Amino acid sequence: MTPISRRTLVLGGLAAAGATALPARSSIISATAATPYPFQLGIASGEPDASSVVLWTRLAPSPLNADGQGGMANANVAVDWQVSTSESFSTLVASGTVTATYGAAHSVHVVPAGLNPDSDYFYRFRAQGHVSPVGRTRTAPAAGTNGRDLTMAFTSCAHYEEGYYTAYRRMAEDNPGLILFLGDYIYEYPGTAGRTRLHLGGTEITTLADYRRRYAQYKSDPDLQAAHAVAPWIVVPDDHEVENNHAGNIRADSTPSLTAAQWTARRSAAYKAYYENMPLRPAQASNGASIPLYRRLQWGKLATFHMLDTRQYRNDQACGDGWKVCSDADLATRSLPGNAQETWLLNGLAQKAATWDIIGQQVFFARRFNASGASMDSWDGYRASRARIQQGWVSRGVRNPVVLTGDVHRAWGNNLMADYNNANSAVIGSELVTSSATSGGDGDAATAIPDVGTNPWLKFYSNRRGYIRTTLSPTQLRADFRTVAKVSEHDGAVGTAKSFVIEEGRPGLQAV
């Protein structure tokens, strides 16, 4: 992929005008000074397949307005879009006009079709006389082909108040071909004085206006915008996009106090705002208090991405949640993804459509016990469900299952075992757990694996914030654990704390 330039990220709207190019932003601003710039939230792309990709933007000249409408009037707005193979937009391969509506917070989700497989493209928008930044995106390889080796980065848990988004900036500078985000893109909490940054609003968010403004505050960050501009994203939410540790329709606590109808309205607002602010296909639009988000994306024959939703369909956490010893966690009737999604996942794994079966999901997958027991919010709280999935991929002959995980604010590298009660059991898969982008604050330099004596399959630990960069080829998956020393200070350096490879046909992490 062509290395990204600062011009692409920061000055995209100033791209040279070609025969069919949009006018330069500077001249437009001069001509339409009365109309404020509407692309304050940047641009994004996502959900790539071999012939199309989603292009996203949301018009918001005043993103932080309390009504959540970003300063837009109650009127529809025509938005022009263009796709080109060159950053100068000298030749267009697709273009059109889409309507941004007030009811959708003036967000747009464009899906240009007919693109070439395994190809890089540039895109931009125009609305109200202004031109957006330029984004770069990429399509997946054609069916039956590997395409180029894929550099992919993933992270999770980006609490705005707990740090600067240096991890997003460094991800962008790594020039990935794909970015995964595994949940907690926003946090629902009120502003808390004394932190690195401050949420707008003095109460926990519950309304559609609240959620829209919270997304706007996060998406106004230039480092986050840079990461969206560099590559297509595949996203899944976890709990904080709605409320901490909820299990489907069951709340974790009663704060703030809500009636059943108000809780349903809150979920509806949260999922509507999530769709409005993410580069998702129209098929993933919310429907009332639910949103259809578990899905499969094919990356030629190199990889299949099975993206799970481990929050909407789960049984309630066993024994009242928390860390504990709880026999109910073994009940066969309990499921983390829900029975329908379990079946869907195993059917997809049985297809063995690619070398790597990547399972992108939210909560810790490998067994992890300490003196208090295990986390009932993780797969340890749904042990029969985990066993069905693991045994399912073994019985189906899946060669290279790799679970990608967020949620816990620390980085871990784990082997997945056929039997966690037998230290000599076979390794049947691998798990890469990303640290958070910011949640948990700076952390520290600790790398000693907690409780490794009772969990010998845990092979790596870091309490720094950051992300994981992987490189997928037909013969191996390389994982680099990327960390930053502090998120309380802006623009720090990134380093690689540890690297592992997973060899094709040989599950488990091999230290580099």
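Residues numbered from 1 in each chain as written. Predicted model: local features only at pLDDT ≥ 70, side-chain atom pairs only at ≥ 80, totals over all residues. Heavy atoms only, no water.

1. Side note on the overall build of the protein
The criterion, for reference: Numbered from the N terminus, helices here are DSSP runs of H or I no shorter than four residues, and strands are runs of E no shorter than two. Computation of the radius of gyration draws on C-alpha atoms alone. For the globule rule, the value is 2.2 Å times the number of residues to the power 0.38. The classification of residues rests on relative accessible area computed with a 1.4 Å probe and restricted to protein chains. Under 20% of the type maximum is buried, over 50% is exposed, and intermediate values are partly exposed. The contact criterion used throughout is that any non-hydrogen atoms of two residues lie within 4.5 Å. Every accessible area reported is derived by Shrake-Rupley at a probe size of 1.4 Å, with residue values counting cover from the shown protein chains alone. None of His or the chain ends enter the tally, which takes Lys and Arg as positive and Asp and Glu as negative. In this description, the location of a charge corresponds to atom NZ of lysine, CZ of arginine, CG of aspartate or CD of glutamate.
Within the protein, the secondary structure is distributed over eight helices and 24 strands. What you see for the protein is a C-alpha radius of gyration of 22 Å, in line with the 24 Å of a compact globule of 512 residues. In terms of its C-alpha atoms, the protein occupies a principal-axis envelope of roughly 70 × 55 × 40 Å. Expressed as a percentage of the 512 residues in the protein, the buried residues total 58%. Excluding contacts between residues fewer than 6 apart, the proportion of contacts in the protein whose partners are at least 24 apart in sequence is 70%. About 17,400 Å² of surface is accessible on the protein, with carbon and sulfur atoms providing 51% of the total. Of the side-chain charges in the protein, 47 are positive and 44 negative, and the distance between the mean point of each set is 3 Å.

2. A few points about helix α3 (residues 166-173)
Note on helix geometry: an α-helix contains 3.6 residues per turn, so any two residues three or four positions apart are oriented the same way. Burial within α3 is extensive, with seven of its eight residues counted as buried. Looking one or two residues past α3, N175 carries a phi angle of roughly 55 degrees, positive in sign.

3. Thoughts on the state of the cysteines
As used here, a disulfide is simply a covalent bond connecting the sulfur atoms of two cysteines. Going by this rule: Disulfides are defined in this document as cysteine sulfur pairs within 2.5 Å.
Tallied over the entire structure, the rule returns one disulfide. The side chain of C319 participates in a disulfide bridge whose partner is C326; the two sulfur atoms lie 2.0 Å from each other. Its torsion about the S-S bond being 70 degrees, the disulfide of C319 and C326 is classed as right-handed. Residue class for C326 comes out buried when judged on its relative accessible area of 3%.

4. Digging into the packing of helix α7 (residues 339-351) against helix α8 (residues 383-395)
Quick note on the threshold: Throughout, an axis means a line fitted to C-alpha atoms (over the contacting stretch in the case of helices), and angles, computed between N-to-C directions, take values from 0 to 180 degrees. If an angle is under 35 degrees, it is roughly parallel; if it is over 145, roughly antiparallel; if it lies from 65 to 115, roughly perpendicular; otherwise it is oblique. A clockwise turn of the near helix away from the far one marks a right-handed crossing, whereas an anticlockwise turn of less than a right angle marks a left-handed crossing. Note that Gly is not counted as nonpolar here; it falls among the polar residues with everything else outside the nonpolar set of Ala, Val, Leu, Ile, Met, Phe, Trp, Tyr, Cys and Pro and the charged set of Asp, Glu, Lys and Arg.
Running from amino to carboxyl end, α7 crosses α8 at an angle of 15 degrees, the nearest separation of the two axes being 10 Å. In this view, α7 runs roughly parallel relative to α8, as classed from their interaxial angle. The chirality of how α7 crosses α8 is right-handed. Where α7 approaches α8, its residues N339, E342, L345, L346 and L349 are matched on the opposing element by S385, R388, I389, G392 and W393. Taken together, the residues of the contact of α7 with α8 sort by class into five nonpolar, three polar and two charged.

5. Things to note about the nonpolar core
In plain terms, the rule: Definition of nonpolar core: a set of buried residues of the types Ala, Val, Leu, Ile, Met, Phe, Trp, Tyr and Cys, connected through side-chain atoms within 4.5 Å.
Core analysis: the largest hydrophobic core is formed by 39 residues, its most contacted members being Y168, Y185, W233 and Y274. Elements represented by at least two residues in this core include exactly α3, β10 (178-181), α4 (208-219), α5 (222-230), β11 (233-235) and α6 (260-277). Among all residues touching Y185, those that are not within four sequence positions of it are A158, Y215, Y218, K219, L224, H228, W233, E241 and M278. A140, L302, L432 and F460 belong to the second-largest nonpolar core, a separate cluster that totals 30 residues.

6. Thoughts on the sheet that holds strand β18 (residues 411-417)
This is how the line gets drawn: For two strands to pair, DSSP has to find at least two bridges joining them.
As summarised here, the arrangement of the seven strands in space is β12-β13-β15-β17-β19-β18-β20, forming an open sheet in which the pairing is mixed. Two strands close off the open sheet at either side, each with one partner strand: β12 (295-299) and β20 (458-462). When the angles between neighbouring strand axes are averaged without regard to direction, this sheet yields 20 degrees. Relative to strand β19 (residues 427-433), strand β17 (residues 401-405) runs parallel, the two sharing four bridges. Considered in β19, the bridge of V402 is made with S430. Across the sheet, α7 touches β12, β13 (303-307) and β15 (356-360), and the angle it forms with β13 is around 180 degrees.

7. Section: α6
Rules: The span one expects for a helix is its residue count, reduced by one, times 1.5 Å.
In this model, α6 (18 residues) spans 26 Å end to end at C-alpha, consistent with the 26 Å of a helix rising 1.5 Å per residue. Among all positions in α6, only W263, R266, R267, A269, A270, Y271, A273, Y274, Y275, E276 and N277 are buried. Contacts made by the buried residues of α6 are with β2 (54-58), β5 (107-110), α4 and β11.

So yeah, pure geometry; function would need other evidence.
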